Amino acid sequence: MQSFLLAIDRFSTWIGKTFAWCAVLLTLLISWEVFSRYALNTPHAWVLDAQIMLYGTLFMTAGAYTLSKNGHVRGDVLYGFFRPRTQAIFDLALYILFFLPGIVALTWAGWIYAGESLAIREQTFSADPLPLYPFKYIIPLAGVTLLIQGVAEIIRCVQCIQRGAWPSREDDVEEVDVAKLKEMVNVQDADIQALDAVVVAKEGAK
Amino acid sequence: MKIRKELWFGLGFMALIVGGAIAMLVSVETVTNGHLGLLMLSLVVVAIMLGFPTAFTLMGMGMIFTWFAYERNTTHTLDLMVQSAYKTMSNDVLIAVPLFVFMGYLVERANLIETLFKSLHLAMARLPGALAVATLVTCTIFATATGIVGAVVTLMGLLALPAMLRAGYSIPLAAGAITAGGCLGILIPPSVLLIVYGATAGVSVVQLYAGAFFPGLMLASLYVLYVILVAKLKPAWAPPLSAADRVVPLPLLTQRTGATAQTHVLPKLIATLKGRRNADVPVGHLLRQLAIVALPGLLFALVAIISYRAVTTVDAAAQYDIQEIGASRTAVSEGGLAEPPASGGLEEPPSSDGGGLQEPPSESGALAAPPGATPDAAPPPSANASAPAPAAAAEASAAGTRPAPTWWWVVFAVLGAIVTLFYLFLSFARLEIFKMLLASFFPLMLLILSVLGSIVLGLATPTEAAAMGALGGFLLAAAYRRLTLGVLKESVFLTAKTSAMVCWLFVGSAIFSAAFALLGGQALVEEWVLGMNLSKVQFLVLSQVIIFLLGWPLEWTEIIVIFMPIFIPLLDNFGVDPLFFGLLVALNLQTAFLSPPVAMAAFYLKGVSPPHVTLNQIFLGMLPFMGIQVLAIVLLYIWPQIGLWLPQLLYK
């Protein structure tokens, strides 16, 4: 079961990380357009639409990836004080009450929405139109990956309720990775220990 | 037992909200949709406090209540759902979020902070509380460029905390300076918070950036002032640096010239270069030092000449309009007396700015000036550096120009004085500090100011500036040889996660606020608030207090996307500018980062501080800085011009 859950995690992560490169594309595209407009004096009408699409794709597809790493904002004022089993009970209830209806509706509605767009071969409203329907298909894609990831999370909740502890997840890059930051500025744990002696001496002197 | 108590408190709080909502439903005679909306609002606060990911709470709850609002019409509900998702996907304000976040991660990984801190604390060694001041300035700059509170506080906890504690600083003061400084990145633009507020409230991000600049700077300077004051009044808390700590090691080659730290640079370098008395020092080294020494002077001369041309040259077509603006600003309006162009401009001392202004022809004088008049040749840059103002004055008499405005003279007189002082007091030790600043402080400042400047001056949209900033972060990381594929990957993936976190919240809140509006909750809130007969001041105080209280259980993203749509429509009734309100909210949410016991900054610092530094000491250190933030809010309220002056000046 554990390997199945991790496989789902890896799938979401793979999708999220693949589309994450949109950030680099977006940076380069806009920089190039700025250069092209101001230096070469040849602006492109389609770039504005393309940058919106890159941005939308970037964050929509990263939704499941973020969920698989437990990265969505939570109000953890109380949550942090709960025991894991209590956390899992609340999570399970709310996954079923809020998450599933919301995401199923999003996926379903997104599928119809994108299908309608495909039927008329919808294009952006611009001098150099781009096809719009692939972008709209990002909505059901994001919905499906979130749904799969959500199922994995629900199974995790059940496991946690049974065992009283959260099943483990694979590591991922963290915003504040203390070990990495320490390495970056060349600080060892021994240095902090040495500093502790300074603190103790100072407190003792009072 | 303590944990249980907090749990009970939280659960009691939730029960109170639900109880209040139920009491409201029971007390009214007929339950309208609006009451359902308020019920939804109270339920969502409860659900968020239970700890479920907020984006999905909003989405699920919004959808369920939309379904009720549409009288159980599934098709309409689904339409609204997908529309709200698509609206967020094609939002042209939020697109700057991933770009600024990406820039932040790249800049963070360029690892400038160590040199930045070291050079700043050496440069400020003479100030009282030098280390704490340097910490605050480092935090401000680094937090502004990266916007990542956790990383800045952690890094400064690793670098500045040991330095301060070893120098004998009191623990609360050291901890307070780090945490308060690290949180400034939330407020000072380019910050993501202001983009998110702009996207929610429909206020131009450009104006928000222009508006938040001075309040942010004011807050940072208030912090610095406070630290200096404490160091003056309580020297035991922030003892001055010992001589050993202030020693700047000179490079070997410089030492071989026989220079000591106090030797004055310019004569020594030139003497060494000319006399060839130090055969073992390569000329290349000396020339390199000399080039670095000459840099500020050349830069100043360049900026002075270019900007002087820019402010004095008048387009043939636009001549008349620009003349008028220039005239009204410089207050040179002595009619059309065509005074002869002053030829003695070069001899004028810099102090006679006013006199210099009278001499060039004003208004019609410039128009009437003979077109054939030859502009005076620009003096060589060396002369310019020592006597900049008069040198530029010589050009004012050229045809098709107008007198430079007073502000230009003031700015460049001050800059010239700074450059002159720099050369007067340039010793070899200071040269080393200057070189360190050159490698850390100036690149960051350049990045921040060019991103901000291009946005505020309207040269680029925030999106474009953000993309250029990300490219700048790219180059910065490459220049410091930190740009590997691993670092790039980490930054990209973190960007994806952070953007997903912020933007999915918008997907959820879009449908939630749609449901709230459909149910008529907004109208009910408005009716209720107007029924209280508040004055403008009372309303502002009340709303800021509510936001401050919400900052305790909720994160700033949640507060902005859920509660701003409720507050913003009310502003009109009280005649409050949404821009001004946004600045107040941004300052206010700063405070939430420092308010115990939930302040994130404190926990990041605790994570890297020695075990005997207690959380209570850190909280104690943060309290005075919190007080300063409240003071800053009050100051901004009393003098709204602190925030509104720049946007009004630029976008009237």
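Thresholds applied
Residues numbered from 1 in each chain as written. Chains lettered and ligands numbered in written order. Predicted model: local features only at pLDDT ≥ 70, side-chain atom pairs only at ≥ 80, totals over all residues. Heavy atoms only, no water. Helix = DSSP H or I, 4+ residues; strand = E, 2+ residues; numbered from the N terminus. Contact = heavy atoms within 4.5 Å. Core = buried A, V, L, I, M, F, W, Y, C linked by side-chain atoms within 4.5 Å. Buried < 20%, exposed > 50% of the residue type's maximum accessible area, 1.4 Å probe, protein only. Phe/Tyr/Trp six-rings, centres within 6.5 Å; stacked < 30°, edge-to-face > 60°. Salt bridge = Lys/Arg side-chain N within 4 Å of Asp/Glu carboxyl O.

Engineer: What should I look at first to understand the environment of Ile 560 of chain B in this one?
Structural biologist: Residues and elements named next belong to chain B. Turning to its location among the elements, Ile 560 is positioned in helix H27 (residues 556–574). When the C-alpha atoms of Ile 560 and Ile 642 are compared, they prove to be 23 Å apart, with 82 residues separating the residues in sequence. Setting aside residues up to four positions removed in sequence, Ile 560 forms contacts with Leu 193, Val 196, Tyr 197, Thr 200, Pro 565 and Leu 589.

Engineer: For this particular structure, what's the right way to read the nonpolar core?
Structural biologist: Considering soluble globular proteins, one finds that nonpolar side chains tend to be buried as a cluster. Residue and element names in this part refer to chain B. Counting 252 residues, the largest nonpolar core has Trp 504 and Phe 581 as the members making the most contacts within it. At 16 residues, the largest contribution of residues to this core is made by helix H24 (residues 485–518). Residues contacting Phe 581, with those up to four places away along its chain left out, are Tyr 197, Leu 540, Ser 543, Gln 544, Ile 547, Met 564, Phe 567, Ile 568, Leu 571 and Val 576. Counting 20 residues, the second largest nonpolar core, distinct from the first, contains Val 265, Ala 304, Val 311 and Leu 431.

Engineer: Please explain the packing of aromatic side chains as it appears in this structure.
Structural biologist: The relative placement of two aromatic rings is captured by the distance of their centres and the angle of their planes. The final tally for this structure, using the stated rule, is 24 aromatic pairs over all chains. Ring geometry for Phe 59 of chain A and Trp 504 of chain B: centres 6.5 Å apart, planes at 75°, overall edge-to-face. One end of the pair, Phe 59 of chain A, is in helix H3 (residues 46–68); the other, Trp 504 of chain B, is in helix H24, on a second chain. In terms of burial, Phe 59 of chain A and Trp 504 of chain B fall into one category: buried. Taking 5.7 Å as the distance between ring centres and 70° as the angle between the ring planes, the aromatic pair formed by Tyr 113 of chain A and Tyr 86 of chain B counts as edge-to-face. Placement of Tyr 113 of chain A in helix H5 (residues 84–119) and of Tyr 86 of chain B in helix H4 (residues 74–89) is noted, with the two residues assigned to different chains.

Engineer: How do you make sense of the side chain of Ser 42 of chain B when you look at a structure like this?
Structural biologist: Residues and elements named next belong to chain B. Relative to the elements of secondary structure, Ser 42 occurs in helix H2 (residues 33–49). On the basis of relative accessibility, which here comes to 12%, the residue Ser 42 falls in the buried class. Once you skip the residues sitting within four places of it in the chain, Ser 42 turns out to touch Ile 17 and Ala 21.

Engineer: Can you help me understand the pattern of salt bridges in this one?
Structural biologist: A side chain with one charge can pair with a side chain of the opposite charge if their charged atoms come near. Under the defined criterion, the tally for this structure stands at nine salt bridges over all chains. In this structure, Arg 156 of chain A and Asp 9 of chain A form a salt bridge, with 2.7 Å as the shortest nitrogen-oxygen distance. Pair noted here: Arg 156 of chain A is in helix H7 (residues 138–163) and Asp 9 of chain A is in helix H1 (residues 2–20), with a separation of 147 residues, a long-range link. Of the charged contacts in the structure, one is a salt bridge between Glu 490 of chain B and Arg 109 of chain B, with a shortest N-O distance of 3.0 Å. With a gap of 381 residues between them, Glu 490 of chain B in helix H24 and Arg 109 of chain B in helix H5 (residues 96–109) connect regions that are remote in the sequence. Given the relative accessible area of 7%, Arg 109 of chain B is considered buried. Salt bridges sharing common partners tie together Lys 180 of chain A together with Glu 108, Arg 109 and Glu 490 of chain B.

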